[in-house]
There are 2 protein chains.
Amino acid sequence: MSLVTDLRRLIGDRGVLDAAALSERQAGVWRSDALEAAALARPTCTGEVSRIMEYCHQQGISVVPQGGRTGLVHGADASPEQVILSLERMNQIESIDSRQRVAVAQAGVPLETLHTALEPHALHFPLDLGARGSATLGGNAATNAGGNRVIRYGMMRESVLGLEVVLADGTVVNALNSLIKNNAGYDIKQWFIGSEGTLGIITRLSLRLREAPLTRDMALVAIPDFDAVIRLLKHMDSQLGGSLSAFEAMWPSFYRLITTPPALGRPPIGQDFPFYVLLESQGANPDSDRERLQQALESALEAGLVVDAAMSQSEQDCAGFWALRDDVEQVFVKGDALLFDIALPIGEMDRYTTELEVALANALPEADLFVFGHLGDGNLHLAIRVPAGNADSLRPQIEGLVYDPLHAFKGSVSAEHGIGIEKKNYLSISRSREEIDLMRGLKLALDPTGILNPGKIF
Amino acid sequence: MSLVTDLRRLIGDRGVLDAAALSERQAGVWRSDALEAAALARPTCTGEVSRIMEYCHQQGISVVPQGGRTGLVHGADASPEQVILSLERMNQIESIDSRQRVAVAQAGVPLETLHTALEPHALHFPLDLGARGSATLGGNAATNAGGNRVIRYGMMRESVLGLEVVLADGTVVNALNSLIKNNAGYDIKQWFIGSEGTLGIITRLSLRLREAPLTRDMALVAIPDFDAVIRLLKHMDSQLGGSLSAFEAMWPSFYRLITTPPALGRPPIGQDFPFYVLLESQGANPDSDRERLQQALESALEAGLVVDAAMSQSEQDCAGFWALRDDVEQVFVKGDALLFDIALPIGEMDRYTTELEVALANALPEADLFVFGHLGDGNLHLAIRVPAGNADSLRPQIEGLVYDPLHAFKGSVSAEHGIGIEKKNYLSISRSREEIDLMRGLKLALDPTGILNPGKIF
């Protein structure tokens with residue numbers, strides 16, 4: 001018990017849970033297994049994080065940082081001899097500057113808490129994803145989160161202005177830059193964004209805020225073939241200019257699934273079209289924004305890019321469209337499902353998904369493929385449903401079918417979920433040996449004894 | 001002469017200039033002094049770059065990479081014992097994919113060459129800056145260039161999807177990712193962007209292209225006080241949403257300078273207002289885009305944020321507005337001038353410039369201060385005019401007046417120009433010791449013998 005005792009001496013009794021207490025916590029928001037670790041430390045400030053890291057560095061104890069435990073690639077899994085460092089008590093928004101449009105927050109603040117806090121300022125933080133209620137800003141940065149509005153605002157990386165990071169040996173690096181442009185030497189925050197807790201503990205962030213959009217208009221459209229999907233993206237990007245805020249694609253099997261009972265959603269347009277896209281535009285002019293989307297849709301209809309469309313008439317309609325798209329749970333209703341997050345060049349998507357469907361039908365005729373995702377960003381999500389109880393045994397085979405072809409297509413085994421443990425065997429599909437050597441080089445330079453989230457990524 | 005002979009053996013006679021031939025080349029596009037170096041190597045492909053680096057690494061010879069030689073901080077200066085590696089013969093655009101909206105180009109392609117090549121595809125590469133005709137894509141990435149449209153599209157970093165880089169020892173790293181989202185491990189291209197040639201030689205780039213805007217509307221507006229400038233930025237950002245493409249500020253002394261003979265420009269609105277802003281919006285709807293800008297201006301007038309305005313009626317007017325803003329040369333007409341590129345929080349700009357004006361008046365009554373810049377990005381340019389012949393002798397004193405206060409204001413000594421040699425003594429004003437230690441750590445990991453652009457940044 002000396003580890004727990006030592007940690008309690010460093011950050012107080014309430015700050016440390018022992019292995020027994022931990023077993024009452026879930027390993028993840030969507031998981032039923034319990035957390036396992038030698039201890040869980042819950043520091044309340046950067047100084048405490050630094051003391052924990054200094055101690056663990058001296059003792060050679062591995063540390064696994066945890067945010068909201070909403071990750072999907074086992075990037076925050078711990079083992080019985082490791083210390084979990086949870087940022088849950090570092091949950092303060094320290095400042096919101098509505099003139100400079102910068103917020104400074106501790107890493108444990110849930111994304112949605114920031115969203116809510118910004119409302120009275122008529123500002124918004126554009127990152128948005130399904131796990132917003134649990135996922136933390138620190139975890140968003142550590143995984144370079146993506147989500148629904150990347151097409152307009154970029155990933156988390158584009159919204160982080162500065163970070164405070166505690167290194168493996170406890171050194172505190174204050175890089176809380178608040179400037180949009182700062183070319184004074186290397187931009188070190190970039191190293192930590194997306195590093196999945198393997199290079200340092202993100203303790204505070206300064207974040208770029210945007211003026212809150214005042215209008216939202218959406219349309220669900222049916223598209224005759226995949227070439228038209230590509231051309232529609234170009235058309236909408238051009239016609240809506242900077243206001244296009246989502247371009248979400250759904251393949252017909254997914255669309256049917258989420259608009260047919262037992263799903264609660266009903267189909268706003270027919271279920272037999274070759275492709276569906278959910279479009280969203282955000283602006284500031286209640287009259288003209290709607291008209292602009294309507295005009296862009298009409299010209300798309302005339303050009304044959306769209307064959308049917310339903311447009312939102314109200315905020316309620318918009319919420320309904322998103323509820324359809326987000327009802328991914330339907331894939332779990334009639335069996336088990338494996339979810340994948342991949343990226344590939346838009347010109348290859350049709351061929352990739354068609355070939356995958358054929359390969360699946362040959363290898364596993366009982367499996368069903370559902371495709372959807374952030375198409376405007378080159379990001380697809382795949383759900384592969386298999387008979388209940390078979391997910392674990394079929395996983396290696398299915399992973400091979402999904403990931404192996406991506407190398408030839410110049411795709412990525414991870415668009416936005418990261419690598420964690422789940423995808424580390426497939427990293428070399430998307431990265432060259434030289435790239436991975438460079439990654440290892442930075443890891444060695446920053447964490448020479450390898451105590452930070454070991455075994456993740458590579 | 002064995003160095004020149006050796007290099008010629010590696011990449012051919014035409015590929016290498018000796019010291020004598022070099023003396024006929026200018027050190028920079030805007031400089032009158034000649035290049036100095038032991039040799040200049042002009043490889044035509046990545047393999048040749050690799051051979052040069054491998055050789056220089058073995059021999060312990062320092063290498064200075066050069067792009068278009070338009071840098072403003074002596075980041076590509078060489079000394080007589082060093083080898084200059086110029087990317088000038090690696091000037092091919094290898095591919096333009098108008099569906100995926102990605103271009104792959106060699107590093108020596110001038111920015112404007114890419115702009116021109118994209119016109120037939122109705123695509124554009126949004127980075128734009130005054131040196132577009134000479135500055136190269138490789139240099140743009142190595143310095144993380146900014147320019148006129150950062151407010152809408154971000155800096156060069158946001159437009160680079162992938163890089164091919166040759167490391168100090170000649171290792172070729174192919175990281176030519178073409179995906180918008182790729183969270184497969186660390187995003188190593190970020191390390192090289194903005195590293196000013198100190199970590200590797202950028203040889204090829206894959207770049208994110210955008211649909212070309214179809215309309216452009218501009219306005220030059222007069223503003224009653226600096227608080228209204230801040231509020232106008234928020235107002236325009238909100239009202240124009242994603243289409244606001246420039247928000248350039250001019251302090252009255254600069255505005256008078258560029259609209260008074262001997263300058264060719266004439267004032268579109270009066271010369272006695274407290275502040276001026278040049279606004280640009282880019283969209284796709286000829287009728288409604290113009291109306292939208294007009295409406296946003298009218299509501300700004302009603303709210304007292306704007307007191308006078310001139311709106312463009314034609315493309316020619318737009319070009320004329322930009323010509324005014326870009327006529328920075330006027331500061332050199334009646335004396336010498338020192339140009340500075342800084343960033344600071346928008347809420348501090350008024351106090352900073354006012355205090356700088358007072359400090360200058362006290363210390364150097366003969367100096368004149370002109371302020372302008374990319375205000376929407378927090379980036380100001382300062383021109384300080386001194387009597388002809390005095391620039392060099394006064395430089396240290398003026399640099400102190402400009403840079404020293406930035407630490408307290410949480411500003412940066414470099415918004416977009418980089419550090420090079422010129423600003424390296426001031427790096428610690430904008431970066432903490434821990435940040436600089438991390439930078440040195442990466443430098444040591446990637447270039448342990450320190451042959452890549454030594455003496456730059458730190």
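Keep in mind that what you see is a predicted model, and the values were worked out from it rather than measured.

Trainee: Go over the interface of chain A and chain B with me, naming the residues and quoting the values.
Mentor: Across the boundary between the two partners, chain A contributes 90 residues, which contact 88 residues of chain B. In total, chain A and chain B occlude about 6800 Å² of area from one another, counting both sides; carbon and sulfur atoms represent 53% of this. It is A:Lys181, A:Asn183 and A:Tyr186 that lose the most area in chain A upon contact with chain B, and together they represent 15% of the buried surface on that side. In this assembly, chain A and chain B are joined by 14 salt bridges. Note that A:Arg292 and B:Asp289 form a salt bridge whose closest N and O atoms lie 2.9 Å from each other. Counting every contact that joins chain A to chain B gives 38 residue pairs in polar contact (both at pLDDT 80 or more). Contributions of two or more residues to the side of chain A that touches chain B are made by α6 (150-153), α7 (156-159), β9 (172-175), α8 (189-192), α9 (226-240), α11 (286-302), α15 (427-430) and α16 (433-446) of chain A. Examining the composition of the side of chain A that touches chain B, we find that 8 residues originate from one element, α16(A), more than from any other.

Trainee: Give a description of the pattern of salt bridges that names residues and reports values.
Mentor: Throughout the structure, instances matching the rule amount to 68 salt bridges over all chains. In this structure, the salt-bridge partner of A:Arg216 is A:Glu315, at a minimum N-O distance of 3.1 Å. Taken together, the positions of A:Arg216 in strand β12 (residues 215-223) and A:Glu315 in helix α12 (residues 315-325) put the pair 99 residues apart, joining distant regions of the chain. Under the relative-accessibility criterion, A:Glu315 is labelled partly exposed at 47%. The partner of B:Asp6 in a salt bridge is B:Arg9, and the shortest N-O contact between them spans 2.5 Å. Of the two residues, B:Asp6 and B:Arg9 both sit in helix α1 (residues 2-11), 3 residues apart, roughly one turn of that helix. One salt-bridge network, in which partners are shared between bridges, spans A:Asp128, A:Arg132, A:Arg149, A:Arg216, A:Glu280 and A:Glu315.

Trainee: Describe the environment of A:Asp237, with residues and values.
Mentor: Relative to the elements of secondary structure, A:Asp237 occurs in helix α9. A distance of 2.8 Å separates polar atoms of two side chains, one belonging to A:Asp237 and the other to B:Arg101.

Trainee: Please set out the side chain of A:Asn182 residue by residue, giving values where relevant.
Mentor: You can see A:Asn182 is positioned in the loop between β9 and α8. Polar side-chain contacts of A:Asn182 include one of 2.6 Å to the side chain of B:Ser412. Residues within four places of A:Asn182 in sequence aside, it is in contact with A:Asn177, B:Ser412, B:Ser414, B:Ala415 and B:Arg431.

Trainee: Let's hear about the domain arrangement of chain A: which residues, and what values?
Mentor: All names here are of chain A. When the domains of chain A are assigned, the result is domain 1 (2-86), domain 2 (93-211), domain 3 (215-326) and domain 4 (335-371 + 378-434). A straight line from the C-alpha centre of domain 3 to that of domain 4 covers 26 Å. Buried area between domain 3 and domain 4, summed over both chains or domains, comes out near 840 Å², and the portion from carbon and sulfur atoms is 74%. Counting every contact that joins domain 3 to domain 4 gives 0 salt bridges. On the surface where domain 3 and domain 4 come into contact, there are 2 residue pairs in polar contact (both at pLDDT 80 or more). Of all the elements in the fold, those that place two or more residues in the side of domain 3 that touches domain 4 are α9 and α10 (252-258). Split into classes, the residues belonging to the side of domain 3 that touches domain 4 amount to 8 nonpolar, 1 polar and 1 charged.

Trainee: Can you break down the sheet that holds strand β1 (residues 16-18) of chain A residue by residue, with the values?
Mentor: All names here are of chain A. Across the sheet, which stays open at both edges, the 4 strands sit in the order β1-β2-β4-β3 with mixed pairing between neighbours. Strand pairing shows two members of the sheet lacking a second neighbour, β1 and β3 (63-66), which therefore form its edges. Strand-to-strand, the axes of this sheet are offset by a mean angle of 20°, without reference to chain direction. Helix-sheet contacts for helix α1 (residues 2-11) involve β1, β2 (39-41) and β4 (83-86), and the interaxial angle to β1 is about 165°.

Trainee: Please set out the relation of the copies chain A and chain B residue by residue, giving values where relevant.
Mentor: Mapping chain A onto chain B leaves a residual RMSD of 0.0 Å; the transformation is a rotation of 180° accompanied by 0.0 Å of translation along its axis. Between the two chains, the operation in question is that of a two-fold axis. Of every C-alpha in chain A, the one belonging to A:Gly242 sits nearest the axis of rotation, 1.9 Å from it. Here 98% of the interface residues in chain A have copies in chain B that are interface residues too; the copies meet face to matching face.

Trainee: Go over the environment of A:Glu88, please, and point to the residues and values.
Mentor: Residues and elements named next belong to chain A. Locating Glu88 in the fold gives a position in the loop between β4 and β5 (93-97). Along the backbone, Glu88 and Ala309 are 221 residues apart, and their C-alpha atoms lie at a distance of 44 Å. The contact partners of Glu88, leaving out residues within four places of it in the chain, are Arg25, Leu40 and Arg42. A polar contact of 2.7 Å, which involves the side chain of Glu88, links it to the side chain of Arg25.

Trainee: If you had to explain the side chain of A:Gln330 to someone new, which residues and values would you point to?
Mentor: Residues and elements named next belong to chain A. Here Gln330 shows up in the loop between α12 and β16 (336-343). Within the local environment of Gln330, its side chain forms a polar contact with the side chain of Asp327, the two groups lying 3.0 Å apart. Once you skip the residues sitting within four places of it in the chain, Gln330 turns out to touch Leu257, Ile258, Pro262 and Ala263.

Trainee: Can you explain the state of the cysteines? Please cite residues and give values.
Mentor: Here the structure, examined in full by the defined rule, presents 0 disulfides over all chains. In this structure B:Cys45 is a free cysteine whose sulfur lies 16 Å from that of B:Cys56, the closest cysteine sulfur available.

Trainee: A description of the sheet that holds strand β15 (residues 308-311) of chain B should follow, citing residues and the corresponding values.
Mentor: Within a beta sheet, neighbouring strands are joined by backbone hydrogen bonds and run either parallel or antiparallel to one another. All names here are of chain B. Pairing within the open sheet is antiparallel, and its 7 strands lie in the order β15-β12-β14-β13-β17-β18-β16. Looking along the sheet, the strands with just one partner apiece sit at the ends: β15 and β16 (336-343). Neighbour-to-neighbour, the strand axes of this sheet turn through a mean angle of 15°, independent of strand direction. The sheet contact formed by β16 and strand β18 (residues 379-386) spans 8 bridges and is antiparallel. The residue of β18 that forms the bridge with Leu339 is Ala383. Strand contacts of helix α13 (residues 349-363): β14 (275-283), β16, β17 (368-373) and β18, with the helix running at about 10° to β18, the strand carrying the most contacts.

Trainee: Let's hear about the packing of aromatic side chains: which residues, and what values?
Mentor: Overall, the coordinates contain 22 aromatic pairs over all chains when judged by the stated rule. Between the aromatic rings of A:Phe226 and A:Phe275, the centroid separation amounts to 5.3 Å while the plane-to-plane angle is 70°, which identifies the pairing as edge-to-face. Of this pair, A:Phe226 sits in helix α9 while A:Phe275 sits in strand β14 (residues 275-283); the two residues are 49 residues apart in sequence, bridging distant segments of the chain. In this pair, the class of A:Phe226 matches that of A:Phe275, namely buried. Taking the centre distance of 5.8 Å and the plane angle of 40° together, the rings of B:Phe226 and B:Trp251 count as tilted. Here the residue B:Phe226 occupies a position in helix α9 (residues 226-240), and B:Trp251 occupies one in the loop between β13 (244-250) and α10 (252-258), the gap between them amounting to 25 residues. Exposure class is identical for B:Phe226 and B:Trp251. Each is buried. Through a chain of ring-to-ring contacts, the aromatic side chains of A:Phe226, A:Trp251 and A:Phe275 assemble into a single cluster.

Trainee: Account for unusual backbone geometry, naming residues and giving values.
Mentor: The omega torsion across A:Pro261 and A:Pro262 is 10°, close enough to zero to call that bond cis. Relative to the assigned elements, A:Pro262 resides in the loop between α10 and β14. With a phi angle near 60°, A:Arg101 is a residue other than glycine that sits in the positive phi range. Structurally, A:Arg101 is set in the loop between β5 and β6 (102-106). When its relative accessible area of 9% is taken as the criterion, A:Arg101 is described as buried. Backbone geometry at B:Lys410 places phi at a positive 55°, although glycine is not the residue there. Mapping B:Lys410 onto the fold places it in the loop between α14 (391-403) and α15 (427-430). Taking the relative accessible area as the measure of exposure, B:Lys410 reaches 63% and is therefore exposed.

Calculation notes
- Residues numbered from 1 in each chain as written.
- Chains lettered and ligands numbered in written order.
- Predicted model: local features only at pLDDT ≥ 70, side-chain atom pairs only at ≥ 80, totals over all residues.
- Heavy atoms only, no water.
- Contact = heavy atoms within 4.5 Å.
- Buried area = accessible area lost by both parts, 1.4 Å probe.
- Salt bridge = Lys/Arg side-chain N within 4 Å of Asp/Glu carboxyl O.
- Polar contact = N/O pair within 3.5 Å; in protein donor to acceptor, adjacent residues only side chain to side chain.
- Helix = DSSP H or I, 4+ residues; strand = E, 2+ residues; numbered from the N terminus.
- Buried < 20%, exposed > 50% of the residue type's maximum accessible area, 1.4 Å probe, protein only.
- Domains from an automatic or database assignment.
- Nonpolar A, V, L, I, M, F, W, Y, C, P; charged D, E, K, R; others polar.
- Pairing = 2+ DSSP bridges.
- Axes fitted to C-alpha atoms, helices over the stretch in contact; angles between N-to-C directions.
- Least-squares fit on C-alpha atoms with pLDDT ≥ 70 in both.
- Disulfide = S-S within 2.5 Å.
- Phe/Tyr/Trp six-rings, centres within 6.5 Å; stacked < 30°, edge-to-face > 60°.

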